[in-house]
Amino acid sequence: MSAKPDVCLPSGDAELAMLDVYMPMMKSAAIVSAGQLGLFEALAAGPLAAGELAGQLQASARGIATLADFLVAIGYLERQGEAYANTALTQRWFTSRGAVDYTPGLLWTAEAWPMLGELAGAVRRGGPQTTLWQAMQARPQLGERFSAYMGAFARDLGPDLLARVPVGDEQRRLLDLGGSHGLHSIRFCERYPQLSAQIVDLPSALSETPATIAAHGLAERIALTPGDVLEFDWGQGFDLVFYLSVAHNQGADDNRHVIRRIRDSLKPGGLLVIHEYLDDQPPGAYHAAFKLTLLYETGTQIHREADYRDWLGEAGFAAIERIDLDPREKGSLLLARC
Ligand SMILES: Nc1ncnc2c1ncn2[C@@H]1O[C@H](CSCC[C@H]([NH3+])C(=O)O)[C@@H](O)[C@H]1O
């Protein structure tokens, strides 16, 4: 049985087929360029004419007008007389005035763009020539951009996590594996005053984290320990462990190994929270796209719910609960108690 595609596909006409390649490319490039130029942020306080906008962004008036007209055509800006204004959606998702500003995602997409040009090579090889983590060692800016993008996603996901993860008064120690930007630990420490946290991540992901933690006044309660989760000794006696969006960066054997080590470091009754994109069959378009992204970025893959249940069961976790987040593009949580 073939799955019903949930993306618009061209009808087979050659012209339409090329439009389906050209238009998404131009749409992505225009939105990413707007993020790089700071165009949406410049309009956050109110509409501006092309000349004013160009002056603020130190760009050519012709260039800004051409870009802005296309952004109007695709619904990211609107005309107000001679002026351009953000649409409600743009203001909501791509400016500091919205609840979550995904501009770091636009800047990350600009970094991912050249990697996508090499996608056919990754498909041929079955993986990347250089993994994202190796590339970050060579170019620290890449690590900062990636963490900032993950930070934007964490702001979006934070309320779901707070609502779904039960924390009792007796739970005091949180271990945040692959904690990166630190925002999940910060959010939970702010909500639960009895909590202190320890973050383990690769050094490339942690360059901005001390400043973020200090800005929230939590330097006394959140410790940073740079290290590889596959080998770093993070100690014992934790009540709560976060393994959020990290498992898709590891193969099956490594996840089995990490989950066993998590189990050994949790107190009796402790809770492990996994956030992931589960490899349900057939995958929806978003999950299939994410699998392709992992192929060229890290060479790893998303795993099936049944795999997690095996690893968790073998490690000695008893109760395992799956929660699918809304919308589905936000992924799923697996809550496991020992
Ligand atoms: N082997 C590893 N050891 C430590 N950290 C890792 C490893 N592999 C991937 N990571 C980190 O895992 C993170 C995945 S991005 C997810 C960040 C955060 N937990 C969140 O949910 O928003 C990145 O910060 C990587 O640096």
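Refer to the structure presented above.
Basis of the calculations
Residues numbered from 1 in each chain as written. Predicted model: local features only at pLDDT ≥ 70, side-chain atom pairs only at ≥ 80, totals over all residues. Heavy atoms only, no water. Helix = DSSP H or I, 4+ residues; strand = E, 2+ residues; numbered from the N terminus. Buried < 20%, exposed > 50% of the residue type's maximum accessible area, 1.4 Å probe, protein only. Lys, Arg positive; Asp, Glu negative; His and termini not counted. Salt bridge = Lys/Arg side-chain N within 4 Å of Asp/Glu carboxyl O. Polar contact = N/O pair within 3.5 Å; in protein donor to acceptor, adjacent residues only side chain to side chain. Right-handed = clockwise from strand over helix to strand, strands pointing away. Pairing = 2+ DSSP bridges. Phe/Tyr/Trp six-rings, centres within 6.5 Å; stacked < 30°, edge-to-face > 60°.

## Focus: the side chain of Glu276
- Here Glu276 lies in strand β8 (residues 266-276).
- One buried charged side chain, Glu276, makes no salt bridge at all; its nearest oppositely charged neighbour is Arg328, positioned 11 Å away.
- A distance of 3.0 Å separates polar atoms of two side chains, one belonging to Glu276 and the other to His248.

## Here's the deal with the pairing of β8
- Burial analysis of β8 places eight of its eleven residues in the buried class, the great majority of the element.
- Regarding topology, helix α12 (residues 252-265) serves as the crossover connection from strand β7 (residues 238-244) to the parallel β8, and that connection is right-handed.
- In this sheet, strand β10 (residues 332-337) lies alongside β8 in antiparallel orientation, the contact comprising six bridges. Within the sheet, the bridge partner assigned to Ile274 lies in β10 and is Leu334.

## Brief notes about the packing of aromatic side chains
- Applying the stated criterion to the full structure yields twelve aromatic pairs.
- Between Phe188 and Phe242 the ring centres are 5.0 Å apart and the planes differ by 75°, which places this aromatic pair in the edge-to-face class. Within this pair, whereas Phe188 is found in helix α10 (residues 183-191), its partner Phe242 is found in strand β7, the two being separated by 54 residues in sequence.
- In this structure Phe188 comes out as buried when scored by relative accessible area, which is 0%.

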